[in-house]
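Inside the fold
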Amino acid sequence: METRVAMATGMETMTVELKTKTVEKLRVIGKKGESYDDTIRHLIWGVDYETFMLEQYKILDEEDEWISLDDL
């Protein structure tokens, strides 16, 4: 079964079809009074932040030589 959810995009809204189980998960994850749009934005922000941090750690791991701050 699918559920239609209207989501705000700026001043506009659009309808997105979600499976009922997905909507149920969003209800569990979301906070009371929070819209589906808010809940999804928080989830996306978390993924973006995690991806950013993993990329930064990869860059740090790939660097062969570091200069001590005391030497600057």
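Bear in mind that the values here come from a model prediction, so they are computed numbers and not experimental data. (Residues numbered from 1 in each chain as written. Predicted model: local features only at pLDDT ≥ 70, side-chain atom pairs only at ≥ 80, totals over all residues. Heavy atoms only, no water.)

Another aspect to go through is the overall build of the protein chain. A count of helices and strands for the protein chain gives two helices and two strands. Helices (α) and strands (β) of the protein chain occur, in sequence order from the N terminus, as β-β-α-α. Within the protein chain, buried positions represent 12% of all 72 residues. Partitioning the intrachain contacts of the protein chain with sequence separation of at least 6 by distance along the chain shows that 10% fall at a separation of at least 24. When the accessible surface of the protein chain is totalled, it reaches about 6,700 Å², and 57% of it is carbon and sulfur. (Helix = DSSP H or I, 4+ residues; strand = E, 2+ residues; numbered from the N terminus. Buried < 20%, exposed > 50% of the residue type's maximum accessible area, 1.4 Å probe, protein only. Contact = heavy atoms within 4.5 Å. Areas by Shrake-Rupley, 256 points an atom, 1.4 Å probe, with all protein chains shown as cover.)

In total, this model carries one salt bridge according to the counting rule given. A salt bridge links Asp-37 to Arg-41; its shortest N-O distance comes to 2.8 Å. You can see Asp-37 and its partner Arg-41 sitting in helix H2 (residues 36-62), four residues apart, about one turn around the helix. (Salt bridge = Lys/Arg side-chain N within 4 Å of Asp/Glu carboxyl O.)

What follows is about the packing of aromatic side chains. Two aromatic rings, taken as a pair, are described by how far apart their centres are and by the angle between their planes. In the structure shown here, the tally under the stated rule is one aromatic pair. Ring centres 5.4 Å apart and planes at 10 degrees place the aromatic pair Trp-45 and Tyr-49 in the stacked group. Taken together, the residues span about one helical turn, with Trp-45 and Tyr-49 both in helix H2 at a distance of four residues. Residue classification places Tyr-49 among the partly exposed positions, given a relative accessible area of 43%. (Phe/Tyr/Trp six-rings, centres within 6.5 Å; stacked < 30°, edge-to-face > 60°.)

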